[in-house]
Amino acid sequence: MHNAFRRSLGLNLARWQFRKKHDSVMSFTSSLSSGQRVLVVLPLSPSEPPSGAILELFRTRYGEERLTLVADTADTRVGTLFPHSEIIRISGEEVTRLFHPTAEVLKRITSRSYDAAIDLNLDFLLPSGYICKASNARVRVGFTRPGADHFYNFQIRIEGSHNTTLYDRLAACLKMF
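Residues numbered from 1 in each chain as written. Predicted model: local features only at pLDDT ≥ 70, side-chain atom pairs only at ≥ 80, totals over all residues. Heavy atoms only, no water.

Peer 1: Looking at this model, I keep getting lost on the overall build of the chain. Mind explaining?
Peer 2: When helices and strands are counted, the chain shows 6 helices and 6 strands. Start at the N end of the chain and walk to the C end: the helices and strands fall as α-β-α-β-α-β-α-β-α-β-β-α. Every one of the 177 residues in the chain was classed for burial, and the buried ones make up 47%. For the chain, restricting intrachain contacts to residue pairs at least 6 apart in sequence, the fraction spanning at least 24 positions comes to 60%. A total accessible area of about 9,100 Å² is found for the chain, and carbon and sulfur atoms account for 55% of it. (Helix = DSSP H or I, 4+ residues; strand = E, 2+ residues; numbered from the N terminus. Buried < 20%, exposed > 50% of the residue type's maximum accessible area, 1.4 Å probe, protein only. Contact = heavy atoms within 4.5 Å. Areas by Shrake-Rupley, 256 points an atom, 1.4 Å probe, with all protein chains shown as cover.)

Structure representation (structure tokens):
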């Protein structure tokens, strides 16, 4: 109950902080394929890792040098999968009591500009949504979940329960753009 109250308070505070940032109307036709710098938020909670199809899409479409990956400090495989990408690691101590990333994390995120920010967390996590919104990326991709409307301007509806299938569907969807 205490966590639910803090999470609700954190969500409302984030909505208030981003209240003046409005998304412009745009065509998604080539919005992702024309991106030069991409921020990818890997799952921050213990779960099945993203499938190879989605990770390979990022590597082939953008190149490792143009990717910035946000990962949990416990995620040891990301460094070996993307040795030439910038990796920003987040620990539990770098998330505030209201589930916002700390100022230091946000400073590392906003030190670069991004054309797209893609959140691979299947559940809506306030820290990853906040990072995507704060990145000021023109296109912010996430999965459809309650509360996600405030942080993503391109949402993928997920149906089903197998994570690998969901990531494969996400890869197929992103290839269209």
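So much for the structure itself; the text now carries on.
Peer 1: Would you mind going over unusual backbone geometry with me for this structure?
Peer 2: Backbone geometry at Phe 99 places phi at a positive 65 degrees, although glycine is not the residue there. You can see Phe 99 is positioned in the loop between β3 (86-90) and α4 (103-110). Assessed through its relative accessible area of 15%, Phe 99 is described here as buried. Despite not being glycine, Asn 136 shows a phi value in the positive range, around 60 degrees.

Peer 1: Even after reading the chapter, I still don't get the environment of Pro 49, so can you show me in this structure?
Peer 2: With respect to the helices and strands, the residue Pro 49 is situated in the loop between β1 (38-41) and α2 (52-62). Under the relative-accessibility criterion, Pro 49 is labelled partly exposed at 40%. Through-space distance from the C-alpha of Pro 49 to that of Leu 120 is 9.4 Å; in sequence the pair is 71 residues apart. With residues near it in sequence (within four places) discarded, Pro 49 still touches Arg 77 and Tyr 167.

Peer 1: What exactly am I supposed to notice about the sheet that holds strand β6 (residues 154-156) here?
Peer 2: Within a sheet, neighbouring strands are paired by backbone hydrogen bonds and run either parallel or antiparallel to one another. Across the sheet, which stays open at both edges, the 6 strands sit in the order β3-β2-β1-β4-β5-β6 with parallel pairing between neighbours. Lying at the two open borders of the sheet, with one neighbouring strand each, are β3 and β6. On average, each strand axis in the sheet is tilted by 15 degrees relative to the strand beside it, whichever way the strands run. Relative to strand β2 (residues 67-72), β1 is paired through 4 bridges, and the arrangement is parallel. If you follow Val 41 over to β2, its bridge partner there is Val 70. Contacting β1, β2, β3, β4 (116-119) and β5 (139-143), helix α5 (residues 126-134) crosses the sheet at an angle of about 175 degrees to β4. (Pairing = 2+ DSSP bridges. Axes fitted to C-alpha atoms, helices over the stretch in contact; angles between N-to-C directions.)

Peer 1: What is the right way to read the packing of α4 against α5 from this model?
Peer 2: Helix-helix packing: each pair is described by the crossing angle between the helix axes and the interaxial distance. The contact between α4 and α5 brings their axes to 10 Å, and the two run at 40 degrees. When the interaxial angle is binned, α4 and α5 end up oblique. Crossing handedness for the pair α4 and α5: right-handed. Residues Val 105, Leu 106, Ile 109 and Thr 110 of α4 form the contact with α5, whose participating residues are Tyr 130, Ile 131 and Ala 134. Within the contact of α4 with α5, the residues separate by chemical class into 6 nonpolar, 1 polar and no charged. (Parallel < 35°, antiparallel > 145°, perpendicular 65-115°, else oblique. Left-handed = near helix turned anticlockwise from the far one by under 90°. Nonpolar A, V, L, I, M, F, W, Y, C, P; charged D, E, K, R; others polar.)

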